[in-house]
Amino acid sequence: MSNDLSAAVKEICLQHNNDRIYLMDILRKVQVDHGSVSDEAIDAIADAVSIPRVEVESTATFYAFLSKEKKGKIVIRLCNDIIDRLAGVDVVAKAFKEELGVDFGETTADGLITLEYTPCIGMSDQAPAALVNDEVITYLSSDKAREIVRTLKKTGDPKKLVSRLGDGNNASPLVNSMVHNNIRKKGDVIFADYPDGAGLKKALTMSPVEVINEVTNARLRGRGGAGFPAGMKWQFTRAAEDPEKYIICNADEGEPGTFKDRVLLTDYPERLFEGMTIAGYAIGAQQGILYLRAEYAYLSNLLENVLAKKRKDGVLGKAILGKKAFDFDIRIQFGAGAYVCGEETALISSCEGSRGDPKNRPPFPAQKGFMGHPTCVNNVETYVAVVRLIDMGAAWFTSIGSKGSSGTKLLSISGDCHAPGVYEYPFGITIKQLLQDVGAEDAKAVQIGGPSGQMIGKEDFNRTICYDDLATGGSVMIFGADRNILEVADYFMEFFIEESCGYCTPCRVGNVLLKGYLERVMNGQAEEADLEVMKSLARTVKTTSRCGLGQTSPNPILTTLAKFYPEYTKLLKTSKDGFKPSFNIQEVLQESQSITGRKSVHFS
Amino acid sequence: MADNFTFIIDGTEIPARQGQTILKAADEAGIYIPRLCNKDGLEPYGACRVCTVLVNGRPQSACTQPAQPGIIVENDTEELTEMRKQLIEMLFVEGNHFCMFCEKSGNCELQALGYRLGIAAPRFPFMFPQRELDATHPEVFVDRNRCILCGRCVRASRDQDGKNVFQFTGRGIKKRISVNATSRLADTELKSADKAVAACPVGSILKKGVGYAVPIGERIYDHKPIGSDIESKAK
Ligand SMILES: Cc1cc2nc3c(=O)[nH]c(=O)nc-3n(C[C@H](O)[C@H](O)[C@H](O)COP(=O)(O)O)c2cc1C
Ligand code: SF4
Ligand code: SF4
Ligand code: FES
Ligand code: FES
């Protein structure tokens, strides 16, 4: 048996040329085929790929979708992110537990089904949602949950769970999923009606430098969150001396409440690949990589099919559109469940088959990125915007949006509203207008930019979405009048604790401590001084963390403290017995009282 | 860019060479920037964040950030010292550090930094994690209770010993130092003379049979605070 496992694993390695670069693919395949990446499998991989076993173990234990313990043939991953909690995921979870007879984190005795929680799977507009292996199940209810378990027990086949199909390419036989696009508002750039291919054709009539200048003049900034000027990044990458260069598309879409890239990948993959190809031409890259989060594996056949068609049509591969010196192709690299891999240097580590640890900067990816070569990483939406920008010109592009923020932005809107979905707005739209459009005029709070962004209240609803005011990668979560703001912040802290890579002290430890103080407040055990400790600790984590994850992780606490201070102060306690409210003398005495068999005479 | 140039730390102009980190240049000038994961001879790592300084107002880890002509670096400020204290306290509460009976006491960089920065006891609640001790090896043991995840053993074993005995597994608060074997240190190629053993700043990797050999009063940090050797170079 064990020789069989070892042989099968080595066969998988061989299919990947025993090349370390493909370690992520190897691990994913081993996990899917064998239900785990066991110690034996790790030994076999280390042997075949010729790297130390602890290197393999290091990568394998980093990702949520890989495990050393044996999982069931079918893994149900129920999203328990904040939006699903609003949508009643509790009753769904209870139904799953009862029907399966196991708790979360456990596998049924027959080894068929494992039940787990997972953070946002990019379906917040159709919550509650779950992944069953690669299949996406949306709009869950307790009845549906029970039905799912029964079907799985009967058929053992997650594909049988897909009944009514979604719209657009979701209904294509290549996808066959019940996901809906929920495109609610089309703008002039991303969702505009125009023929594929025009952007690339025009780009190839220009020189690479002219293409970069056009992007620079359009003042296009990154759509993934950080908002770095795209033209400048392209120019840096082009200017790097090494002739071997890479284009990476960041399709990790891990920020809770973001799902607009999902829709682009589903219904506009042609435009995405076209944008990447234009970037490849401008920068002088030969290879593109689409880093796709494992949660979107259900789109892989569709995407591979589009790539194959593009190769056939001569718009990918050698001498693209007859341009002799321009060879460019794109491959897909899957992630395996790690939010931090959306951070561009962590993403590169992951592409290299390592733990998703961010890298030290400098050098920046534009100088030394993937395998040490100059690499340009951009968001899905950024590449799609480039296609239209090149076709229509920089002047046209800057005529849309606001002064410092040209063009449009896709917003993924979810939570307490009537019409959750994807909206394309010109930059400069007010929150008030947006809430009116989605049917959420009575909102109490809006989380802009996901957990790493900021929570705002009514007094800020006249502010605008743009890089100079409320910047966002696209996540907009709406909370109605009776929602508990501290619970939201507490969940966000839990998310960061789970997703910290653990490389640096402040993010690894500080977030756990911050959540502890927040819980103190929520349990009515905190005093004024605790809020001061929280603020100071939050500042240390923000200031000293190594990457964007830690640098933003205290935001749920800091922004709710700033905007919803009374929600904190109303829970504060002053001490009655002279002890700090967080100190429970009875709890501390419990163990010794039970050992001695008598109660304390001093503290009764 | 010029090969030799100067920049400013806390108002003092100091010389630097192209390719030097801020920390290295400061060391040569006799200015101590607190650090834990950095060690001479090992590739800079940027994990503990204790060396955080402000470079033209922006926080950077001095051990990884290249020195550049004319930059203004803030190091010894009240604000940064407070943050460094908190980082050290985080490392104390994250593990299980019982200094009073640890063999490394007096020679431990974490403890010494605690003293230097004036930490009497951590303000944060202890986490008391469950961590494993590995005493299988005849000459060396690993007590993960005291590991601060600095990665010095990882780099020393890989780059100096050429062995890859250590590497991290898991992520976030569950990240641990692991060995290149299914579980036991005894099954690795580690030898007690390896650089990886000497690289550990705390009492996590220790040689057997030599604990408490140096009497109190003669240990590295008994008389002078950590960093004094660097500061003694100041002109
Ligand atoms: C923790 C973390 C997660 C991130 N996740 C994503 C992501 O899922 N998608 C994305 O495009 N950018 C993400 N980013 C931003 C990337 O690091 C990078 O700035 C971006 O991909 C650059 O593309 P852009 O300039 O086109 O936005 C993340 C950053 C951090 C710090
Ligand atoms: S801030 Fe530090 S621990 Fe957190 S994800 Fe970034 S590098 Fe890892
Ligand atoms: S064992 Fe020692 S050297 Fe290795 S990571 Fe832990 S504290 Fe650092
Ligand atoms: S899919 Fe559940 S919150 Fe996004
Ligand atoms: S010494 Fe610079 S981060 Fe640790």
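A few points on the structure. Note that this is a predicted model, so its numbers are computed, not measured.

Conventions and cut-offs
Residues numbered from 1 in each chain as written. Chains lettered and ligands numbered in written order. Predicted model: local features only at pLDDT ≥ 70, side-chain atom pairs only at ≥ 80, totals over all residues. Heavy atoms only, no water. Helix = DSSP H or I, 4+ residues; strand = E, 2+ residues; numbered from the N terminus. Rg over C-alpha atoms; globule rule 2.2 N^0.38 Å. Buried < 20%, exposed > 50% of the residue type's maximum accessible area, 1.4 Å probe, protein only. Contact = heavy atoms within 4.5 Å. Areas by Shrake-Rupley, 256 points an atom, 1.4 Å probe, with all protein chains shown as cover. Lys, Arg positive; Asp, Glu negative; His and termini not counted. Charge placed at Lys NZ, Arg CZ, Asp CG, Glu CD. Phe/Tyr/Trp six-rings, centres within 6.5 Å; stacked < 30°, edge-to-face > 60°. Lys NZ or Arg CZ within 6 Å of the ring centre and 35° of its normal. Pairing = 2+ DSSP bridges. Axes fitted to C-alpha atoms, helices over the stretch in contact; angles between N-to-C directions. Buried area = accessible area lost by both parts, 1.4 Å probe. Salt bridge = Lys/Arg side-chain N within 4 Å of Asp/Glu carboxyl O. Polar contact = N/O pair within 3.5 Å; in protein donor to acceptor, adjacent residues only side chain to side chain. Near = heavy atom within 4 Å. Nonpolar A, V, L, I, M, F, W, Y, C, P; charged D, E, K, R; others polar. Expected span 1.5 Å × (residues − 1). Parallel < 35°, antiparallel > 145°, perpendicular 65-115°, else oblique. Left-handed = near helix turned anticlockwise from the far one by under 90°.

Now for the overall build of chain A. In terms of helices and strands, chain A carries 24 helices and 15 strands. For 604 residues, the compact-globule formula gives about 25 Å, and the C-alpha radius of gyration of chain A, at 25 Å, lands near that figure. Overall, the C-alpha framework of chain A stretches about 90 × 65 × 50 Å when taken along its three principal axes. The proportion of buried residues among the 604 residues of chain A is 60%. Put simply, 71% of the contacts in chain A that link residues at least 6 apart link residues at least 24 apart. Per element, the accessible surface of chain A, about 22,800 Å² overall, is 50% carbon and sulfur. Counting 70 positive and 78 negative side-chain charges, chain A places the averaged centre of each group 2 Å from the other.

Attention shifts here to unusual backbone geometry. Residue and element names in this part refer to chain A. Here Arg 361 and Pro 362 are connected by a cis peptide whose omega angle stands at -5 degrees. Looking at the element boundaries, Pro 362 is found in the loop between helix H14 (344-351) and strand E10 (375-379). In this structure, Pro 363 follows Pro 362 across a cis peptide bond, with omega equal to 0 degrees. Residue placement: Pro 363 occurs in the loop between H14 and E10.

Before going further, it helps to examine the packing of aromatic side chains. This model, assessed by the stated rule, comprises 16 aromatic pairs over all chains. Aromatic pair Phe62(A) and Tyr63(A): ring centres 5.1 Å apart, planes at 65 degrees, arrangement edge-to-face. You'll find Phe62(A) and Tyr63(A) in the same group, each marked buried. A centroid spacing of 3.7 Å and a plane angle of 0 degrees characterise the contact between Phe104(A) and Tyr117(A), whose relative ring orientation is stacked. Linking Phe104(A) in the loop between helix H6 (89-100) and strand E2 (106-107) with Tyr117(A) in strand E3 (residues 113-118), this pair joins segments that are 13 residues apart in sequence. By relative accessible area, Phe104(A) is classed as buried at 15%. Through successive ring pairs, a cluster of aromatic residues spans Tyr281(A), Phe326(A) and Phe328(A). Above the ring of Phe65(A), the side-chain terminus of Arg77(A) is found at 3.9 Å from the ring centroid. Lying over the aromatic face of Phe168(B), Lys175(B) brings its terminal NZ or CZ to 4.2 Å of the ring centre.

We now examine the sheet that holds E3(A). Residue and element names in this part refer to chain A. Read across the sheet, five strands follow the order E2-E3-E1-E4-E5 without closing on themselves; strand pairing throughout is mixed. The strands lining the two open edges of the sheet, one partner per strand, are E2 and strand E5 (135-137). As paired elements, strand E1 (residues 74-79) and strand E4 (residues 130-132) share three bridges and run antiparallel to each other. By the bridge assignment, Leu 78 is partnered in E4 with Ala 130. Packing against the sheet, H6 makes contact with E1 and E3, and its axis sits at approximately 160 degrees to E1.

The next point concerns the interface of chain A and chain B. Of the residues lining the interface, 44 residues belong to chain A; the matching set on chain B comes to 41 residues. For the pair chain A and chain B, the summed buried area comes to about 3,400 Å², and 56% of that belongs to carbon and sulfur atoms. When the buried surface of chain A facing chain B is broken down by residue, Val54(A), Tyr503(A) and Arg508(A) rank first, second and third, together holding 18% of it. Where chain A meets chain B, there are three salt bridges. Counting across the interface, chain A meets chain B through 25 residue pairs in polar contact (both at pLDDT 80 or more). When residues of the side of chain A that touches chain B are traced back to their parent elements, those giving at least two are helix H3 (39-49), helix H4 (53-60), helix H18 (485-499), helix H19 (505-522) and helix H20 (528-544) of chain A.

Attention now moves to the site of ligand 3. Cys147(B), Ile148(B), Leu149(B), Cys150(B), Gly151(B), Cys153(B), Phe168(B), Cys200(B), Pro201(B), Val202(B), Ser204(B) and Ile205(B) make up every residue found near ligand 3. Within the shell around ligand 3, the residues separate by chemical class into ten nonpolar, two polar and no charged.

Attention now goes to the environment of Glu132(B). Residue and element names in this part refer to chain B. Relative to the elements of secondary structure, Glu 132 occurs in the loop between helix H3 (109-117) and strand E6 (133-134). For the pair formed by Glu 132 and Thr 169, sequence separation is 37 residues and the distance between their alpha carbons is 13 Å. Apart from the residues lying within four places of it in its own chain, the contact partners of Glu 132 are Val 142, Asp 143 and Arg 144.

It is worth spelling out H4(A) at this point. Across the eight residues of H4(A), eight count as buried, placing the element largely inside the fold. Looking at H4(A), one finds that the buried residues are Arg53(A), Val54(A), Glu55(A), Val56(A), Glu57(A), Ser58(A), Thr59(A) and Ala60(A). Those residues of H4(A) that are buried are in contact with helix H2 (23-34) and H3 of chain A together with strand E8 (166-169) and strand E9 (176-179) of chain B.

This next bit is on the pattern of salt bridges. In a structure, side chains of opposite charge can pair up when their charged atoms sit close to one another. Residue and element names in this part refer to chain A. Taken as a whole and judged by the stated rule, the model has 56 salt bridges over all chains. Measuring nitrogen to oxygen at the nearest pair gives 2.7 Å for the salt bridge that ties Lys 68 to Glu 57. Of this pair, Lys 68 sits in the loop between H4 and E1 while Glu 57 sits in helix H4; the two residues are eleven residues apart in sequence, bridging distant segments of the chain. In this structure Lys 68 comes out as partly exposed when scored by relative accessible area, which is 29%. Here Glu 57 falls in the buried class, since its relative accessible area comes to 6%. Between Glu 532 and Lys 535 there is a salt bridge, with the nearest N and O atoms lying 3.5 Å from each other. Of this pair, Glu 532 and Lys 535 both sit in helix H20, separated by three residues, roughly a single helical turn. Classification of Lys 535 as partly exposed rests on a relative accessible area of 31%. Taken together, the shared-partner salt bridges connect Asp 39, Asp 43, Arg 53, Glu 57 and Lys 68 into one network.

This part takes up H2(A). In an α-helix, one turn spans 3.6 residues, which is why side chains three or four residues apart end up on the same side. Residues and elements named next belong to chain A. For H2, spanning twelve residues, the distance from its first C-alpha to its last is 16 Å, which sits close to the expected 16 Å at 1.5 Å a residue. With nine of its twelve residues buried, H2 lies for the most part within the structure. Turning to H2, its buried residues are Leu 23, Met 24, Asp 25, Ile 26, Leu 27, Arg 28, Val 30, Gln 31 and His 34. Directly after H2, the chain includes Gly 35, whose backbone phi takes a positive value near 80 degrees.

Residue and element names in this part refer to chain B. Reading across from one edge, E2-E1-E5-E3-E4 is the order of the five strands in this open sheet, with mixed pairing throughout. The sheet is open, and its two borders are formed by strand E2 (12-17) and strand E4 (58-61), each paired with just one other strand. Strand after strand, the sheet turns through a mean of 40 degrees between neighbouring axes, direction not considered. Across four bridges, strand E3 (residues 52-55) lies against E4 in antiparallel orientation. Directly across from Thr 52, in E4, lies its bridge partner Ser 61.

Once that is clear, we can look at the packing of helix H9 (residues 208-217) of chain A against helix H12 (residues 269-283) of chain A. All names here are of chain A. The N-to-C vectors of H9 and H12 enclose an angle of 120 degrees; their axes lie 7 Å apart at closest approach. Between H9 and H12, the interaxial angle falls into the category oblique. Note that H9 runs across H12; the crossing there is left-handed. Facing Pro 208, Val 211 and Ile 212 of H9, the residues of H12 in contact are Ile 278, Tyr 281 and Ala 282. Of the residues belonging to the contact of H9 with H12, the class tally is six nonpolar, no polar and no charged.

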